[in-house]
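This is what each chain is made of:
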Amino acid sequence: LYKGFTDLDLQVSVFTDHQIFDRYHRFKLRKNYSRNEAISIKELYSLKPGDYVTHIDHGVGRFGGLEKLNIEGRQQEAIRLVYKDNDILYVSIHSLHRIARYTGKEGTAPSLNKLGSTSWASLKQKTKKKVKDIARDLIALYAKRKAQEGFAYAPDNYLQTELEASFIYEDTPDQIKATRDVKKDMESVSPMDRLICGDVGFGKTEIAIRAAFKAVNDSKQVAILVPTTILAMQHYRTISERLKDFPCSIDYINRFKSTAQQNETLRKLAAGKIDIIIGTHRLLSKDIKFSNLGLLIIDEEQKFGVASKEKIKSLKVNVDTLTLTATPIPRTLQFSLMGARDLSIINTPPPNRYPVTTELHTFNDKVIREAIMYEVSRGGQVFFVHNRVQDIHDISDMIRKLCPDVKIVVGHGQMDGSQLEEVLMTFIEGDADVLVATTIIESGIDISNANTIIINQAQNFGLSDLHQMRGRVGRSNKKAFCYLLAPPLTVLTPEARQRLQAIEEYSDLGMGFQVALRDLDIRGAGNLLGGEQSGFISEIGFEMYQKILDEALIELRESDFKELFPADANKPIVADCQIETDLEILIPTQYVENIVERLNLYKELDDVETEEKLVAFENQLRDRFGPVPKQVMELFETIKLRWKAKSLGFEKLILKNGQLKGYLVSNPDSRLYKSDLFMQIINFVKSNPSRCRMKEDKSKLSLTFYKIETVNEANAVFRQMMKPSVATA
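Calculation rules
Residue numbers restart at each chain and count upward from 1, following the sequence in its written direction. Confidence filtering applies because this is a predicted model: local features only for residues at pLDDT of at least 70, side-chain atom pairs given and counted only at 80 or more, and all residues used for totals across whole chains, interfaces and linings. Excluding hydrogens and water, the side-chain figures rest on all heavy atoms present in the structure. Aromatic rings from Phe, Tyr and Trp, with only the six-membered ring used for Trp, were paired whenever their centres fell within 6.5 Å, and each pair was classed as stacked if the ring planes differed by under 30 degrees, edge-to-face if by over 60, and tilted otherwise. Any Lys NZ or Arg CZ that is within 6 Å of a ring centre and within 35 degrees of that ring's normal is treated as a charge sitting over the ring. For the exposure calls, accessible area comes from a 1.4 Å probe over protein chains only, and a residue counts as buried if that area is under 20% of its type's maximum, exposed if over 50%, partly exposed in between. Here a strand is any run of E in DSSP of at least two residues, a helix any run of H or I of at least four, and the numbering for each starts at the N terminus. When DSSP finds at least two bridges between two strands, those strands are taken to pair. A right-handed crossover is one whose linking path, passing over the helix from the first strand to the second, runs clockwise when the strands point away from the viewer. Simply put, an axis is a line fit to the C-alpha atoms, just over the touching stretch for a helix, and the angle between two N-to-C directions goes from 0 to 180 degrees. We call two directions roughly parallel when the angle between them is under 35 degrees, roughly antiparallel when it is over 145, roughly perpendicular when it lies between 65 and 115, and oblique otherwise. A clockwise turn of the near helix away from the far one marks a right-handed crossing, whereas an anticlockwise turn of less than a right angle marks a left-handed crossing. Residue contacts are defined here by distance: any two heavy atoms, one from each residue, within 4.5 Å place the two residues in contact. Think of a salt bridge as a Lys or Arg side-chain nitrogen and an Asp or Glu carboxyl oxygen that are within 4 Å of each other. How far a helix is expected to stretch is found by multiplying one less than its residue total by 1.5 Å. In this description, one arc is meant: the one made by directions from the helix axis to the C-beta atoms. Residues adjacent in sequence count toward polar contacts only when both atoms are side-chain atoms; beyond that, a polar contact is any pair of N or O atoms within 3.5 Å, and within protein one must be able to donate a hydrogen and the other to accept it. The pLDDT value tells you how sure the predictor is about a given residue, anywhere from 0 up to 100. Three residue categories are used. Nonpolar comprises Ala, Val, Leu, Ile, Met, Phe, Trp, Tyr, Cys and Pro, charged comprises Asp, Glu, Lys and Arg, and polar comprises the others, including Gly.

Student: Before we move on, could you go through the packing of aromatic side chains and cite the residues and values that matter?
Tutor: Under the definition given, this model contains 11 aromatic pairs. The ring of F167 carries the charged tip of R210 above its face, separated from the ring centre by 5.3 Å. Over the aromatic face of F151 sits the side chain of K220, whose NZ or CZ is 4.4 Å from the ring centroid.

Student: Now, about the pairing of strand 20 (residues 481-485): what can you tell me, with residues and values included?
Tutor: Across the five residues that make up strand 20, a large majority, five, are buried. Strand direction decides the pairing type here: strand 19 (residues 450-455) and strand 20, joined by four bridges, are parallel. Its bridge partner being in strand 20, I455 is matched across the sheet by L484. Handedness of the β-α-β unit built from strand 19, helix 14 (residues 463-470) and strand 20 comes out right-handed.

Student: I'd like a rundown of the packing of helix 4 (residues 158-165) against helix 6 (residues 204-217), residues and numbers included.
Tutor: At a minimum axis separation of 10 Å, helix 4 and helix 6 run at an interaxial angle of 160 degrees. By the angle between their directions, the pair helix 4 and helix 6 is classed as roughly antiparallel. Read as a crossing pair, helix 4 and helix 6 show a hand that is right-handed. Here L159, Q160, L163 and E164 of helix 4 come into contact with helix 6, specifically with I209, R210, F213, K214 and N217.

Student: Any details on the pattern of salt bridges? Residues and values, ideally.
Tutor: In total, this model carries 28 salt bridges according to the counting rule given. For D156, the salt bridge goes to K214, with nearest N and O atoms at 2.7 Å. Taken together, the residues span a long stretch of sequence, with D156 in the loop between helix 3 (119-147) and helix 4 and K214 in helix 6 at a distance of 58 residues. You can call K214 buried: its relative accessible area is 3%. Across the pair E618 and R622 runs a salt bridge whose closest N-O atoms are separated by 2.8 Å. With E618 and R622 both in helix 20 (residues 611-625) and four residues apart, the pair spans about one turn of that helix. Members of the salt-bridge network, linked through shared partners, are D156, E164, K183, E187 and K214.

Student: An account of helix 11 (residues 365-377) is requested, with residue identities and associated values reported.
Tutor: Along its 13 residues, helix 11 runs 18 Å from first to last C-alpha, staying within 8% of the 18 Å computed at 1.5 Å per residue. All buried positions along helix 11 are accounted for by V367, I368, A371, I372 and E375. Mapping the buried residues of helix 11 onto a view down its axis gives an arc of 120 degrees, with all of them on the same face. For helix 11, the exposed residues set more than 90 degrees away from the buried face come down to K366 and S377. If you check the start of helix 11, you find a side-chain oxygen 2.8 Å away from the backbone N of K366, and it comes from N364. One or two positions beyond helix 11, positive phi appears at G379, with a value near 80 degrees.

Student: Please provide a residue-by-residue account of unusual backbone geometry, values included.
Tutor: Despite not being glycine, Q11 has its phi angle at roughly 55 degrees, a positive value. Here Q11 lies in the loop between strand 1 (5-7) and strand 2 (12-14). Owing to a relative accessible area of 69%, Q11 belongs among the exposed residues under this scheme. Despite not being glycine, S219 has its phi angle at roughly 60 degrees, a positive value. Inspection of the secondary structure puts S219 in the loop between helix 6 and strand 9 (221-225).

Student: Give me the confidence of the model for the protein: which residues, what numbers.
Tutor: Taken residue by residue, the protein gives an average pLDDT of 79. The fraction at 70 or more is 80%. Confidence drops under a pLDDT of 50 for residues 24-45, and excluding neighbours within four residues, the segment shows 51 contacts in the predicted structure. Taken together, the stretch residues 524-535 has pLDDT below 50 and engages in 32 contacts with residues farther than four places along the chain or on a different chain.

Student: Provide a residue-level description of the packing of helix 19 (residues 595-606) against helix 21 (residues 630-648), including the pertinent values.
Tutor: Interaxial distance between helix 19 and helix 21 falls to 11 Å at its minimum, and their mutual angle equals 35 degrees. With respect to the hand of their crossing, helix 19 and helix 21 are arranged in right-handed fashion. Two secondary-structure elements touch here, helix 19 through Y602, L605 and D606 and helix 21 through L635, F636, I639 and R642. Residue composition of the contact of helix 19 with helix 21, by class: five nonpolar, no polar and two charged.

Student: Lay out the sheet that holds strand 20 in plain terms, naming residues and giving numbers.
Tutor: The strand order 15-20-19-16-18-17 describes an open sheet built from six strands, whose pairing is parallel. Each edge of the open sheet is held by one strand with a lone partner, namely strand 15 (357-361) and strand 17 (408-411). The average undirected angle you get between the axes of adjacent strands in this sheet is 20 degrees. Note that strand 15 and strand 20 share five bridges and pair parallel. When the bridges of strand 20 are listed, L360 appears paired with L484. In this fold helix 11 packs onto strand 15, strand 16 (381-385), strand 18 (434-437), strand 19 and strand 20, with an angle of close to 170 degrees to the strand it touches most, strand 19.

Structure representation (C-alpha cells):
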C-alpha cells in the first residue's frame with residue numbers, strides 16, 4: 001500500500017512507515033540484479049585449449065582440453081596438459097584442484113616446464129621460503145593484535161535499532177551480513193580488523209555509520225580517516241544528516257578550516273566533547289589527542305601511502321579498525337585472503353540501480369555537446385574531469401561556447417579552501433549544471449542528480465581510478481553515462497589500450513572486484529606482501545602463488561604458530577588427498593555434451609566441502625540435465641571418500657584391481673602420529689589381519705585393503721575405521 005487507511009467500524013487507523021517517518025517508499029530488491037557472482041568468476045576463469053596452466057607438482061604447461069581414456073576397458077576422463085618438448089601429462093579429474101589458470105603479466109608468455117626436471121620443485125621451494133618469511137611477520141602482527149585486550153561493546157540498544165530503522169532504503173542481503181559481522185567483531189574482546197570490499201555506491205558508508213554509532217553509544221570516540229579534503233566534507237554532511245536526530249556530536253578537520261578553528265576542534269576532541277571526528281592525513285599528526293578512541297574507520301585505504309599506513313598501525317594496536325574499499329589493491333586483498341584480517345564482500349547492488357553505459361571516443365566537440373545537452377535537458381548534472389590545472393579554464397571556456405545556456409563551475413585542488421568549498425556547494429545544491437574538475441572528485445562525492453561523467457585524456461588514468469570516477473554517476477535509479485575521451489587506440493601504449501578496453505568491458509554492476517583482478521593481469525602481480533614488485537609471481541602465476549601461499553600458511557600454523565592456532569579437531573589432518581582409480585567415474589558425454597560446461601562442473605564439484613553443498617549440487621544437476629547417471633553418483637561417493645581420507649591422514653589413495661592402497665601423511669611431526677586416531681588405525685589393522693596390512697617403506701607408511709571393488713566399499717571401510725568402538729574391538 002502506498003499509504004495507510006482508517007477503518008471507522010473497527011475504530012483503527014493504519015499508517016505506513018514512510019507516512020510516520022516522512023520518507024520515500026521502500027524499494028523491493030529487483031531479483032534480476034542478484035546475479036550470482038560465481039557465474040562471472042567462472043566466465044573469467046573458464047579454461048580454453050591453448051591456455052597456460054600451472055600444476056602444483058609439475059609447473060607451467062598448456063591446457064589441451066578434456067580427453068576420454070580407455071583403461072582396461074573402462075572409460076576415464078582426464079585433463080591433457082602439454083609440457084616442454086611436447087611431453088604430455090594426463091591429470092585425473094579428481095586432481096583438478098591441483099591445477100590453476102596461469103595469470104602473470106599480460107602479453108608475456110611464460111616458459112613451459114620440463115616434466116621430470118627439478119627446476120619447478122626448486123622454484124616452488126624458493127617461493128614458499130620467501131612467502132613464509134613475509135607471512136611470519138604478518139602473522140606475528142596479527143597474533144599481537146589478537147592477544148591484545150580490546151574493548152567489548154555492549155549488544156545493540158534501542159537507539160541503534162532506531163538508527164537502522166531510519167535508513168530510507170532497504171538493506172541488500174550483503175549489507176545485512178556485513179553489518180552483522182561488524183557488530184559481532186565489535187562485541188568480542190579481540191580488537192576488530194575488518195575489510196569491507198564493495199563496489200562504488202553499494203552502501204559501505206551506511207555500514208560505517210552504524211558501526212560508528214554503536215561505538216558512540218558505548219561512550220567511545222570514532223575517527224574516520226579519508227584521503228581527500230572534499231571527501232571529509234562530504235562525509236561530514238552525510239553523517240550529520242543521518243545522525244541529526246541522535247545525541248551525537250560530529251566534527252571534521254581539513255585544510256579548509258583556519259588554524260584557530262582547527263585548534264578549537266582539537267581541544268574539544270581531547271576533552272571528549274566530540275564523538276565522531278572526520279579528517280584527512282591531518283588526523284595522523286602528533287598533536288591529535290583523543291579522550292577515549294574506540295573505533296578507527298579508514299575509507300578508500302588504497303589512497304594512503306606506506307608512511308601513513310605505518311602511523312595508522314601505531315594508532316590502532318588495540319582499537320577496533322574498519323577499512324572500506326571499492327577496488328582493493330592486491331596487498332590489501334592479500335592480507336584478507338591470508339586471514340591476517342577479516343573480509344566482507346558486498347556484491348549485491350542496491351535496488352533499481354542500472355549499470356553505467358561506458359563509451360570510448362576521441363576528443364570530439366559534437367560528442368561533448370550532445371552528452372551535456374542531453375543530461376541537462378533531463379534535469380541532471382555533469383562532471384567533466386580534466387586533470388591539468390594549467391588549462392582547466394580553457395576547457396570550461398570551450399564548454400561554455402559549445403553549450404551557451406549551461407551554468408559551469410570549475411574546481412581543483414590548488415584553489416583556496418573556502419573558494420573550493422563554495423564551488424562544490426554550488427554544484428551539490430544543484431545551482432550549476434557542469435562541474436569541470438580535476439580528480440579531486442574521484443573519492444566519495446555522492447550527488448545522485450549527476451548522471452553523466454566525461455573523462456578527458458582517459459589513457460593517463462589507472463584502472464581503479466577510472467572505475468572510481470565512473471562510480472560518481474549512476475547512484476540513483478536514472479540511466480547514467482560515462483564518456484572516456486582518449487587519442488585513437490592505435491597511438492596508445494598496449495597497457496593504456498588494455499586499461500580502456502577493460503573499463504569499457506567491465507561496466508556491469510559490482511565489477512570492482514573483477515577490475516582489481518584485471519588490473520593485476522595488466523600490471524603483473526608483484527610480491528604482494530612486500531615492496532619487492534614483480535619477480536617470482538610472473539614465473540608461477542598468481543593463482544598458483546595463492547596455492548603455495550596456502551600451503552606455506554598451513555605449515556607455519558602447525559610449526560611456528562602452534563600456540564596461536566590451536567589444532568582444530570574438525571580440520572582435516574592433511575590439506576589434500578590425491579585419488580587414482582581405474583573405475584568408471586566421470587560425467588558421461590551423453591549426459592553433459594559441452595566440454596567447457598563439463599570442465600566447469602568438475603571444478604565446481606572439486607570445490608564442494610560439505611554434505612549439504614554436495615546434495616545441493618546433485619539437485620542442481622538433476623534440475624538442469626535430468627536423472628543423475630550411475631557414474632556421476634560414483635563421482636559423488638569419490639568426493640566423500642576424499643573427505644574421509646583427509647580426516648584420517650591419507651595423502652594419496654590408489655583404488656585399482658580390487659585393492660585400496662592408502663599412503664599416510666609423510667611428515668613425521670604431523671599431529672596424526674600423536675593422536676588417538678592413529679591408535680585407532682593401528683588397532684583396526686591388528687583386529688582385521690585378513691582384510692588389511694600396514695607397511696613402512698622409505699619412512700612412508702602405507703595401508704593396503706583387500707577385496708575393495710567399489711568406491712562405496714572403500715567408504716564403508718573408512719567409516720568403520722573412524723568408529724572408536726569398532727576399531728578397538
